[in-house]
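# Observations on the three-dimensional arrangement
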Amino acid sequence: MGIFSRRQSATAEQASPVDFAPVEEVTPAGVALDPRLRALTGEWTIDRPHSRIGFSVRHAMVTTVRGSFADYDSELYFDGARPSQSRAHLVIKVASVDTGVEQRDAHLVGADFFDASRYPEMVFRSTSTVHEGGENFRMTGDLTIRGITRPVDLQLDYLGSVMDPFGYERAGFDGTTTIDRTEWGLVYNQRLEAGGAMVSEKIRLQFDISAIRA
C-alpha cells in the first residue's frame, strides 16, 4: 500500500542468525508484483491541494452534475510486497461538498440528502486489498453515510511515483466505484413528467489521489 524476521536456533555450536525476506504476494493469475512497488511500502497521506475526492450523478436524465469534498482526513498504508496488508481510512466532512452552485450545495447538506447536522462525516475504511495484475488493485471496504455502513469495492489503479522539486515523494492512484445511494438512506427525488427521476440513484465516486510519504 516488508517486514523482516530474525530467527536463531540453539545447537551444540552457536548457529548464525538467519534473515528471512518477506514473502512477496502474486496476483490471482500467478503474476508477481513489480519489484519497484516494494520501495513504496510505508505510511502515506493524501495531498489535498493536488487530489480530488468527488462524485458524479445523472441529473434530469440528460446531464451530469459533478461535485467534490474539500475537507477530509486520510490515513494510508501501502505494502508493495504484500498488497493484502495495504489499507486506507478516509473521514470526509460532508458539509464541505462543492458542486459549483451554492443553492444546490445547501440542499445536499440538508435533511433531504446528507443531513450534515446529524451525520457530519462520511467514512471509508478498507477491509481487504487484492492485486489484480499490473498496476491494478481492488480495495474492498466499509462506506458509512448517514450512519449506515455497507461494503463497497473500489477499483484502484496505481499511476506511478516521483520525487517532486520540493523533496516530497509522491505516488498517484485513481480509484472509482459506483453505488446505489438509496442503500445509504439517500432516497430524496422528484419524478419527471416524461418519466424517470430528477436525480439518478446511481452515484459514481471518484478518488484522484496524489499521496505523499508521511
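A few points on the structure. (Residues numbered from 1 in each chain as written. Predicted model: local features only at pLDDT ≥ 70, side-chain atom pairs only at ≥ 80, totals over all residues. Heavy atoms only, no water.)

So, on to the nonpolar core. Taken as a class, soluble globular proteins show a tendency for nonpolar side chains to be buried jointly. Membership of the largest hydrophobic core comes to 42 residues, with the highest contact counts inside it found for Ile 53, Phe 69, Leu 143, Ile 145 and Ile 179. Ranked by residues supplied to this core, first place goes to strand E13 (residues 199–213) with six residues. Ignoring any residue separated from it by four or fewer positions in sequence, one finds Ile 179 in contact with Leu 143, Ile 145, Val 152, Trp 184, Glu 201, Lys 202, Ile 203 and Leu 205. (Core = buried A, V, L, I, M, F, W, Y, C linked by side-chain atoms within 4.5 Å. Buried < 20%, exposed > 50% of the residue type's maximum accessible area, 1.4 Å probe, protein only. Helix = DSSP H or I, 4+ residues; strand = E, 2+ residues; numbered from the N terminus. Contact = heavy atoms within 4.5 Å.)

Looking now at the environment of Glu 75. Mapped onto the fold, Glu 75 is located in strand E6 (residues 72–78). Remark: the alpha-carbon pair of Glu 75 and Trp 44, spanning 31 residues in sequence, is separated by 6.8 Å. Setting aside anything within four residues of it in sequence, one finds Glu 75 in contact with Trp 44, Arg 87, Ala 88 and His 89.

Here we come to the environment of Arg 170. Along the polypeptide, Arg 170 turns up in strand E12 (residues 169–180). A relative accessible area of 15% means that Arg 170 is categorised as buried. Residues Arg 170 and Trp 44 lie 126 residues apart in sequence; the distance between their C-alpha atoms is 8.9 Å. Setting aside residues no more than four positions away along its own chain, Arg 170 makes contact with Trp 44, Asp 47, His 50, Gly 160, Ser 161, Val 162, Asp 164, Ser 210, Ala 211 and Ile 212. Reaching out from Arg 170, the side chain makes a polar contact with the side chain of Asp 47 at a distance of 2.8 Å. In this structure the side chain of Arg 170 is engaged in a polar contact, spanning 3.0 Å, whose partner is the side chain of Ser 210. (Polar contact = N/O pair within 3.5 Å; in protein donor to acceptor, adjacent residues only side chain to side chain.)

Right, let's get into the side chain of Thr 99. Looking at the element boundaries, Thr 99 is found in the loop between strand E8 (97–98) and helix H1 (102–109). In this structure Thr 99 comes out as buried when scored by relative accessible area, which is 11%. A polar side-chain atom of Thr 99 sits 2.9 Å from a polar atom in the side chain of Arg 104. At a separation of 2.6 Å, a polar atom in the side chain of Thr 99 contacts the side chain of Asp 105. In contact with Thr 99, other than residues within four places in its own chain, are Phe 55, Val 65, Arg 66, Gly 67, Arg 104, Asp 105 and Leu 108.

So, about the pattern of salt bridges. Side chains bearing opposite charge may pair, as long as their charged atoms lie close to each other. Under the definition given, this model contains 11 salt bridges. In this structure, the salt-bridge partner of Arg 138 is Glu 132, at a minimum N-O distance of 2.5 Å. We classify Arg 138 as partly exposed; its relative accessible area is 29%. Here Glu 169 ties to Arg 213 by a salt bridge, and the two come within 2.7 Å at their closest N and O atoms. Of the two residues, Glu 169 is situated in strand E12 and Arg 213 in strand E13; the sequence distance between them amounts to 44 residues. (Salt bridge = Lys/Arg side-chain N within 4 Å of Asp/Glu carboxyl O.)

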